[in-house]
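Observations on chain architecture
Listed here are the chains, written in short residue letters.
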Amino acid sequence: MQTAEIEREIRGFLVNNFLFGRAEALRDDAALFGGVIDSTGAIELVMFLQDRFVITVEDDEVAVPENFDSLKNVVGFVERKLRSKA
């Protein structure tokens, strides 16, 4: 799966579920927590990632800001998880 496809899937989920279709409100490097999602939203995002990309997200991975603090970082995290499965 290519980076653009991963980003499109995650962006679509965030825009549709948290931003009420306002795609312009989601920048690649903008903070997700506090601006787009809250703690409940983080759980929803993790569940989406696990279901859509068939990966396992460990609790300690969610706590690492470099994994989940922006759309760009979430995309990178998913790419790393997919590569480690191959």
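Residues numbered from 1 in each chain as written. Predicted model: local features only at pLDDT ≥ 70, side-chain atom pairs only at ≥ 80, totals over all residues. Heavy atoms only, no water.

A closer look at the pattern of salt bridges
Tallied over the full model, the rule gives four salt bridges. For E7, the salt bridge identified is with R11, shortest N-O distance 2.6 Å. Taken together, the residues E7 and R11, both in helix α1 (residues 3–18) and four residues apart, mark about one turn of the helix. Between K81 and E61 there is a salt bridge whose closest N-O contact spans 3.0 Å. Highlighted residues: K81 in helix α5 (residues 71–85) and E61 in helix α3 (residues 59–62), separated in sequence by 20 residues. The pair K81 / E61 is uniform in exposure class, with both members buried. (Salt bridge = Lys/Arg side-chain N within 4 Å of Asp/Glu carboxyl O. Helix = DSSP H or I, 4+ residues; strand = E, 2+ residues; numbered from the N terminus. Buried < 20%, exposed > 50% of the residue type's maximum accessible area, 1.4 Å probe, protein only.)

A look at the confidence of the model for the protein chain
For the protein chain, per-residue confidence averages 93 on the pLDDT scale, and residues scoring 70 or more make up 100% of the total. Here helix α4 (residues 65–68) stands out as the element of the protein chain with the lowest mean pLDDT, 89, in contrast to α1, whose mean of 96 is the highest. (pLDDT = per-residue confidence, 0-100.)

Observations regarding the packing of α1 against α5
Relative to each other, α1 and α5 sit at 125°, their axes nearing to 10 Å. Of the possible angle classes, the one that applies to α1 and α5 is oblique. Here the hand of the crossing between α1 and α5 comes out right-handed. Contacts from T3, I6, E7, I10, R11 and L14 of α1 reach α5 at L71, V74, V75, V78, E79 and L82. (Axes fitted to C-alpha atoms, helices over the stretch in contact; angles between N-to-C directions. Parallel < 35°, antiparallel > 145°, perpendicular 65-115°, else oblique. Left-handed = near helix turned anticlockwise from the far one by under 90°. Contact = heavy atoms within 4.5 Å.)

Overview of the environment of L82
You can see L82 is positioned in helix α5. Between the C-alpha atoms of L82 and M1, which are 81 residues apart in sequence, the distance is 8.5 Å. Aside from chain neighbours lying at most four places away, what touches L82 is I6, F53 and I55.

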